Each structure stands twice: as structure tokens, then as C-alpha cells.
Amino acid sequence: MFYEYLVIAGYFILILGIGFAFKNMAKNSTSDYFRGGGRMLWWMVGSTAFMAQFSAWTFTGAAGKAYTDGFAISLVFFANTFAYFCGWAYFSARFRQMRVDTPTEGIKRRFGSQNEQFFSWALIVFSFINAGVWLNALGVFASAVFEADITLTIIVTGLTVVFVSVLSGAWGVVASDFVQTLIVAVISVACAIVALVMVGGPVELVQNFPTDFVMGPDMNYGVILVGTFIFFLAKQMITIMNMHDAFRFLNAKDSDNARKAALLAMVLMGVGSIVWFIPPWASAILYPDAAASYPELGNKAADAVYLVFTRNAMPIGTVGLLLAGLFAATMSSMDSALNKNAGIFVRSIYQPLLLKKNKNVSDKQLLSVSRWVSFISGVLVIVVALFFKSLKELSLFELMMSVSVMVQVPLLVPLIFGLFIKKTPNWAPWVTVIIGMCVSWLTANVLTPEVFANWIGLEQAFTRRESIDVNLMITIAAHLVITAGFFCSTSLFYKEAQDDHKAGTDRFFRDLETPVIADFEQDEYDKQQRHKLGSMVMFMGTGVFVMMLIPNPMWGRLVFGLCAITILLMGYLLRNSAKPKNTPLKNAQPEKATLEKSQASERFNPEEGR
């Protein structure tokens, strides 16, 4: 474990270095802290969009599902890929064109102040829950690696994430996401190649899988698998392409970069949907008793299958890289949540409260409050993760899906359908959420898979796996029909004469169709991003190159060498692209010129309108 500790220590030094490198870029205003002032390049935004949908759960709960059930888990990630395709085709540019710094400011522009307050509190609470699931997943895996207490592991790793996220705001979050994307890619591709070699190739992997590779075990009705995929397409569309999760595209420097970012996330997710799960699939063949290696994890033992594979099949030092990747995945998800929560609280709760009391606070003071909010949010996330740790009867996959379908979907339905249904009364969004929560309770306690089986007259009862999948399908279908249907039907109650927010809604939809073009100052920001990140990537590549000195077989040293060359080349290209070039300035319309004066006057800082 000595070399593993060295690798992890090197990773944390790198992440801290990124935080300090970008600290000055986040200190000028709350807009810089919350979304980098809307100055980021597409490859940075694309990597953070990808990593926001990628957490330690992918290497733990999802890997455990792949180990036991085969190909089915990839359907969830194919649905993510489809969602990002839709983002490239339609949503991403329009999210950037909302011209806001935080998601709830976009909700205010669309639905008014009343809904801004409701969703601000609701989304903050949900972020705590979601980030707690991610941190719990990391704690399960890290505790198995270090043979440490899960509680202590969650606390230590959680505090580390808090420190990094508070330090440099959105610039540090997104910059670290880019570097962490490289770490995840390196460890995933390396493990996948070794796994395929060990099992004899992809054909042997499918043929020798312990159960049916496509259907998996305990599946009597194949139509359930097809139905699950179809409903996952709708579910992931709702949970990724909505006004709350628009935060990942608010950072982009213009509309075109937002679209490119969605395209990059789509490609990474599409490739990863297969590559990530090759090692767990191979482990089902190579190590059929892998789950028994960690009996202390109870029903979550299969979630440590990636660790079993790397310890048995990969060269020394890979476990350290894997754990670095897990830290990377969780930190990217959690620090984004903390940064976003700080923005929501300060802009949509704290600042309006001060304005009502006629108190003027400078943007610098708000920036200081934002850092404190990030810290307190991190502590609360740790508390939530410790609670989920006590739910030993649930696997990480079941826990993640339950939280996502029963809580997240009803909360986000009005935030995606509201982009298409324009004429809705002011009460429609928050009433829709309440209806959705009732629907979730109904499908969990009344309309159960067993009841559904009786309705359609099935002779053979559902297996436990089928019951879980059918419950997900019933819940998603109910939200699409009842929850979304209710929101759309509220148009029947809309009365234009009673809509005191109509002018604001009209401005919102006009801006939604008006492209954002970067201003003349953007070139300097582009150079800084390329130079700083290029340097950090080269430092990481050098560290991986040094790993060739670890006593391993020649093939193991070559694995690290090839990974290092790939990373160093990426860093060199980034730094080289930051060099000054004698090119004429292009004609561009500053984004500020596209703002409505009335919109700018509503803001505390006029620069936030960019």
C-alpha cells in the first residue's frame, strides 16, 4: 500500500495546486465565483458537464450492478448520452442564453420571485441528499481500500472536498473537473484493455459471462429490460436537461461553446458507457467470488468489485490511481453542488432578504458569505452521507435510483416543461412539485409491482430484480402522465390579465432565442485557461511517468508510460495553444449589448448579466 498512498498524496497535491492556481480568477466578484463570469472554453465546460453526471457511484454502485447483472447497467449511461445529444441539438445554447449566474435566477426570470424562493430551498435540500449519496459511495470504496472505518472515511474525504471547493469557486471546480476527466479516462481505458486481454477479448467476455450477458440473472420477462431503457431515456432527459442543471452550461463563454461542451460530454459518456464496465464484466468471469472479499460491506460488497480487479489484475500503483479517480469523480460532483448551492442561497435567498430590509451589501461581502455557505453546505452533506451509510439493506444502485426517481424527477418536471409551455399560472410550478411528491408516494406504497402484476394477470411473480426495475418504470411513467400532464394542463387556467410576470416571461423567451457572443476581453481569459491547465496537466503527466519506477513487470511499467505520454501530449498542446498569435480581431457583439436594460437594473452587479 506504500505506493498507493504516494499516488493519492500526489493527486491531492495536484488538486490543491489547481485550487491555488485559479484562486485569483474567482476573487473579483460573485459571478466569477459562481460560474467563472461566463468566460470558460468548451472543453472545460464539457468536462465539468460530463463529470457532473459521473461520480464514485459509477465505480461502485454501477460497477456492482454490472458485475451481477451484465450489460443492463449500460442502458442508464446510454440514456445520459442521449440527453447530452439533445443538449447539443437544443438545450445547452439556450441555457447559456438565459443570461444568469445561478439556476434559480433563471427560474425567477421564467416563473417569477415566488417560484424562485420555493425552488431555491427545494433544490438546496435535494443537492444535500444527492451529494450525500455520492460521498457515501466514495466512503464505501475508500474504507475498503484503507481497511478503515466508513464513518471516519466519509468525514475525512468530505472535509477535503469542502476545502477545495471553498478555495477557488467555479474556476477551481471546472479546472479540476478537466484534470479529473483525464484521470478517469486513463484509469478506465487502462483497466478495460487489461481486462479484455485477460478474458481473451470481447467475444469471450460475452460468451463466458456467468449469466446471460444481455438479460442478466433473475429476469423472466425480457420486455422489462426494453421498457426500462425507454423510460430511462425520458428520466435522464428530465434530470439532465432542465433549468436547475443548466448551471453546467452557464460557465460557457458563448452559445457556440455551450453547444460544443454538450457534444464533448455526449462523446465521453457514449464511450464510457462501455469502457467503464468492462473490468466488472471481466471480474464476473475471473473472480466469481469477488463479493466475498469484503464481507464487512454487507449487501454492498459487490460495489467494491473495481477494487478487487485492480488489486488482482493491474500493476502496483493502479489502486492509488483508481482511488484518485474516485476522489476526482466525487469531488467534481460534490464541489459543483456546494458551489451551486452557495450561488442559489446568496443570490436568491440572502440578497433578496437584504434588499427587502433596504440593506446594501457590496459584492465583495457577498463573496465572503458565499465561501461560508459553501463550507456549511459541505458539513451538512457529510451528515447526510453518514445517514445513508446506516441504510445497509440498500445497495448503492438502489439508493441512487430511489433518490433520483422519487425525489429528483417531480422537482425537475416543471423546470424542463416550462421551457416549452409558456402560458402557465404563477402557482403551476410549485403545485406540480407537490403533486409529483404525492405520485412518488403513491407508486412506492400503493401502485407496487405486485399490484401491477395482478392487474395484468401475470402467472409468474416478479423476481426481486424485476420488481426494482418495474417499480422504476411505474414511477417514471406516473410522473410523465400525471405530474407532467398536470403541469401542461395548467395552461387551461392561465389568464393573461392576471399574469403580473408576463413582461418578464416575454423577455426570458426572447433572450432564450438570442445567441450570446463573447466580448473583446475574452481572448486573455482563453490564454489563461489554456496556460494554467496545460501546466497542471503536464505536472500530472510527469507524476504518472514517475510511476514507471514502481517495481512492476515490464508490461505494467509500459502501461504507466503510455498513459503518461498521452497526458503530457495533451498538456503540451494546451500550453502551446496559449502562446500569442498575430491574428486580427473578429467582429463580435459584446454579450452585454444583448441584455435588456430592465433586466440589468434588477441585478446587484451589472456585470452579472453577461
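All values reported here derive from a predicted model rather than from experimental measurement.

Visitor: I tried to follow the pattern of salt bridges on my own but got confused; where do I start?
Guide: What the rule picks out here adds up to 9 salt bridges. One salt bridge connects Arg347 with Asp101, and the closest N-O pair in it is separated by 3.1 Å. Pair noted here: Arg347 is in helix 16 (residues 318-356) and Asp101 is in the loop between helix 6 (74-96) and helix 7 (103-111), with a separation of 246 residues, a long-range link. Across this residue pair, the class does not change: Arg347 and Asp101 are buried. The residue Lys260 makes a salt bridge to Asp256 at a minimum N-O spacing of 3.5 Å. With Lys260 and Asp256 both in helix 13 (residues 255-275), this residue pair falls 4 residues apart, about one helical turn. For Asp256, a relative accessible area of 40% corresponds to the partly exposed category.

Visitor: I tried to follow the packing of helix 3 (residues 42-52) against helix 13 on my own but got confused; where do I start?
Guide: Closest axis-to-axis distance for the helix 3/helix 13 pair is 7 Å, and the angle between their directions is 45°. With respect to their mutual orientation, helix 3 and helix 13 come out oblique. With respect to the hand of their crossing, helix 3 and helix 13 are arranged in right-handed fashion. On helix 13, the residues touching Trp42, Trp43, Val45, Gly46, Ser47, Ala49 and Phe50 of helix 3 are Asn257, Lys260, Ala261, Leu264, Ala265, Leu268 and Met269. Of the residues belonging to the contact of helix 3 with helix 13, the class tally is 10 nonpolar, 3 polar and 1 charged.

Visitor: Help me understand the environment of Asp526, please; the structure alone is not making it clear to me.
Guide: Residue position: Asp526 is located in helix 23 (residues 522-546). Setting aside anything within four residues of it in sequence, one finds Asp526 in contact with Arg39, Leu41 and Lys253.

Criteria and thresholds
- Residues numbered from 1 in each chain as written.
- Predicted model: local features only at pLDDT ≥ 70, side-chain atom pairs only at ≥ 80, totals over all residues.
- Heavy atoms only, no water.
- Salt bridge = Lys/Arg side-chain N within 4 Å of Asp/Glu carboxyl O.
- Helix = DSSP H or I, 4+ residues; strand = E, 2+ residues; numbered from the N terminus.
- Buried < 20%, exposed > 50% of the residue type's maximum accessible area, 1.4 Å probe, protein only.
- Axes fitted to C-alpha atoms, helices over the stretch in contact; angles between N-to-C directions.
- Parallel < 35°, antiparallel > 145°, perpendicular 65-115°, else oblique.
- Left-handed = near helix turned anticlockwise from the far one by under 90°.
- Contact = heavy atoms within 4.5 Å.
- Nonpolar A, V, L, I, M, F, W, Y, C, P; charged D, E, K, R; others polar.

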